[in-house]
Amino acid sequence: MKKSSLSYKTALFLALGISLLMNLLFLIMFFYGRDAVIPPEAGAPAKLTLRTNIMLMHVLFNFLMAFLLYLVNFRFLKKNNRLTVQNTLYIILATLVCMAVLSYIFSSIQIHFQEFGPRPNPAKFIRGGMFRDSFIAVVVMLSSLVIFFSEKQRHTALENESLQAENMRTRFLALKNQVDPHFLFNSLNTLNSLIKIDTGKAQDYVQQLSYVFRYTLQNKEVITLEEELKFTQAYCHLMQIRYGDSLQFMQLIDEKYFSYLVIPLSLQTLVENAIKHNVVSNKQPLTITIASRENATMSVSNPIQPKKEMESGEGIGLANLVERYRLMWKKEILVNKNDERFEVVIPLVEKI
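Residues numbered from 1 in each chain as written. Predicted model: local features only at pLDDT ≥ 70, side-chain atom pairs only at ≥ 80, totals over all residues. Heavy atoms only, no water.

Draft legend 1. Structural context of the overall build of the protein. Scanning the protein for helices and strands turns up 10 helices and nine strands. Residue burial in the protein is summarised as follows: out of 352 residues, 39% are buried. Across the protein, contacts joining residues at least 24 apart in sequence account for 74% of those joining residues at least 6 apart. (Helix = DSSP H or I, 4+ residues; strand = E, 2+ residues; numbered from the N terminus. Buried < 20%, exposed > 50% of the residue type's maximum accessible area, 1.4 Å probe, protein only. Contact = heavy atoms within 4.5 Å.)

Below is the structure:
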């Protein structure tokens with residue numbers, strides 16, 4: 001993962017650039033051996049020769065001022081991912097306070113080591129330094145915000161690319177799982193038995209199977225809960241035809257959440273996992289509950305009836321679903337498990 005631009009190295013280079021640009025005129029005068037003209041005051045000469053120690057001290061203090069203010073800004077921006085009005089006021093206040101303290105310290109040091117003529121008036125010197133340092137503080141804050149928003153935009157773009165790649169992989173693996181020879185073989189065997197016994201059920205089975213395949217081929221990153229429920233019901237219907245009374249589904253869905261958004265195949269993945277990892281038989285029938293909650297979440301739960309030999313997975317399933325929700329909405333999926341029951345809670349996102 002690429003390192004953040006809000007680092008001490010960035011602060012170092014930017015502070016050096018600001019210091020050199022602000023003192024460029026003094027450097028030109030120094031290298032060409034000219035005099036720095038200062039308005040004469042009582043008892044002070046009209047021209048004063050620029051000395052190396054004064055010039056270097058000026059450059060050094062401007063550099064330190066900018067560098068330390070960048071560190072303050074970068075630390076705050078890295079800590080607060082969202083820049084609200086309150087956070088903006090905090091960073092402005094922190095920058096101004098730090099600037100005032102540093103300006104007073106640096107001005108005091110400059111006054112102490114000043115060698116030109118009579119000692120300057122401390123109040124005037126500090127006011128002049130404050131004006132200069134205030135300009136540095138403004139430049140630091142604006143450039144820090146530009147870097148912050150630029151990096152955030154770049155990070156969002158990278159996340160979107162990663163999400164698209166993950167969605168492509170998920171759709172491919174989901175389709176691969178559905179057309180897996182074992183699944184297809186069982187589906188065709190079930191269909192063959194139904195044709196001999198009940199042609200009506202056989203037709204219904206074909207329709208549901210066709211809907212399952214069409215749904216896995218869709219090219220959507222998000223989908224409404226209502227659409228996901230229709231697909232999940234079709235998948236559940238196939239599984240009930242296969243397992244008969246040994247497999248039951250209970251749905252407790254509040255229709256007010258139908259327009260909320262979920263990631264495609266999320267409920268179906270949880271239902272598939274429940275069937276895959278638990279015993280489903282006449283002696284141990286399995287009931288899977290799909291329910292909505294008041295806090296805009298959906299839960300898929302089942303009693304724990306572990307198989308003696310666990311089936312091997314494809315590396316997708318719950319772990320993949322958790323990562324997809326984290327990439328898409330930065331939301332977490334909750335897993336609740338005790339000795340008797342297993343439950344997975346996925347968030348619902350309100351459509352804007």
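Draft legend 2. Molecular detail of helix 10 (residues 318-329). In this model helix 10 runs 16 Å from its N-terminal to its C-terminal C-alpha over 12 residues, within 8% of the 16 Å that 1.5 Å per residue would give. Within the sequence span of helix 10, burial applies to Asn320, Leu321, Val322, Arg324, Tyr325, Leu327 and Met328. Positive backbone phi, at 55°, marks Lys330, one or two positions downstream of helix 10. (Expected span 1.5 Å × (residues − 1).)

Draft legend 3. Here's a closer look at the pairing of strand 6 (residues 286-293). Most of strand 6 is tucked away, with six of its eight residues classed as buried. Both strand 4 (residues 247-252) and strand 6 contribute to a ladder of six bridges, which runs parallel. Bridge pairing in strand 6 links Leu252 to Ala291. Relative to strand 7 (residues 297-303), strand 6 runs antiparallel, the two being bridged by five bridges. Pairing of Ala291 across the sheet is with Ser299, part of strand 7. (Pairing = 2+ DSSP bridges.)

Draft legend 4. Spatial organisation of the pairing of strand 8 (residues 334-337). When strand 8 meets strand 9 (residues 341-347), the two strands line up antiparallel, connected through four bridges. Looking at strand 9, one finds that Lys337 is bridged to Phe342. Joining the antiparallel neighbours strand 8 and strand 9 is a turn of three residues.

Draft legend 5. Structural context of the confidence of the model for the protein. The predicted model of the protein has a mean per-residue pLDDT of 79, with 79% of residues at 70 or higher. In this model residues 121-128 is a low-confidence stretch, pLDDT under 50, and it forms seven contacts with partners more than four residues away in sequence or in other chains. (pLDDT = per-residue confidence, 0-100.)

Draft legend 6. Structural context of the pattern of salt bridges. All told, the structure shown has five salt bridges when counted by the stated rule. Residues Lys256 and Glu294 are paired through a salt bridge, measuring 3.2 Å at the closest nitrogen-oxygen approach. Here Lys256, found in the loop between strand 4 and strand 5 (261-262), pairs with Glu294, found in the loop between strand 6 and strand 7; they are 38 residues apart in sequence, far enough to count as distant. On the basis of relative accessible area, Lys256 is assigned to the partly exposed category, the value being 46%. Between Arg293 and Glu343 there is a salt bridge whose closest N-O contact spans 2.5 Å. One end of the pair, Arg293, is in strand 6; the other, Glu343, is in strand 9, with 50 residues separating them in the sequence. (Salt bridge = Lys/Arg side-chain N within 4 Å of Asp/Glu carboxyl O.)

Draft legend 7. Region of the structure containing the nonpolar core. With 45 residues, the main nonpolar core has Val271, Ile288 and Ile346 as its most contacted residues. Here this core takes eight residues from helix 8 (residues 225-243), the largest share from any one element. In this view, Val271 contacts Thr232, Tyr235, Cys236, Phe249, Ile288, Ile290 and Val300; residues no more than four positions away in its chain are not counted. Within the second largest apolar cluster, 24 residues are counted, among which are Phe63, Phe76, Leu102 and Ile147. (Core = buried A, V, L, I, M, F, W, Y, C linked by side-chain atoms within 4.5 Å.)

Draft legend 8. Quick look at the sheet that holds strand 7. Read from one edge of the open sheet, five strands run 4-6-7-9-8, paired in mixed fashion. Two strands close off the open sheet at either side, each with one partner strand: strand 4 and strand 8. Sheet twist, expressed as the mean angle between neighbouring strand axes with direction ignored, is 15°. Running at roughly 150° to strand 6, helix 9 (residues 266-276) makes contact with strand 4, strand 6, strand 7 and strand 9 of the sheet. Where helix 10 meets the sheet, its contacts fall on strand 8 and strand 9, and the angle it forms with strand 9 comes to roughly 25°. (Axes fitted to C-alpha atoms, helices over the stretch in contact; angles between N-to-C directions.)

Draft legend 9. Spotlight on helix 9. Burial runs high along helix 9: nine of the 11 residues are buried. Of the positions making up helix 9, those classed as buried are Ser266, Leu267, Gln268, Thr269, Leu270, Val271, Asn273, Ala274 and Ile275.

Draft legend 10. Just unusual backbone geometry, in detail. For Leu265, which is not glycine, the phi dihedral falls at a positive 70°. Within the element layout of this structure, Leu265 appears in the loop between strand 5 and helix 9. A positive phi angle is found at Ala296, which is not glycine, with a value near 55°. As for its position among the elements, Ala296 is in the loop between strand 6 and strand 7.

Draft legend 11. Seen up close, the environment of Ile241. With respect to the secondary-structure elements, Ile241 resides in helix 8. Residue Ile241 is classed as partly exposed on the basis of its relative accessible area, which comes to 23%. On a C-alpha basis, the gap between Ile241 and Tyr205 in space is 7.9 Å, while along the polypeptide they are 36 residues apart. Among residues more than four places away in sequence, those in contact with Ile241 are Thr190, Leu194 and Tyr205.

Draft legend 12. View of a nonpolar patch on the surface. A cluster of nonpolar residues, Leu93, Val97, Val101, Tyr104, Ile105 and Ile109, forms a patch on the protein surface that exposes about 540 Å² of accessible area. Mapped onto the elements of the fold, Ile109 is located in helix 4 (residues 85-113). For Ile109, a relative accessible area of 30% corresponds to the partly exposed category. (Patch = residues over 30% accessible without salt bridge, like charges linked within 9 Å, V, L, I, M, F, W, Y side chains within 5 Å. Areas by Shrake-Rupley, 256 points an atom, 1.4 Å probe, with all protein chains shown as cover.)

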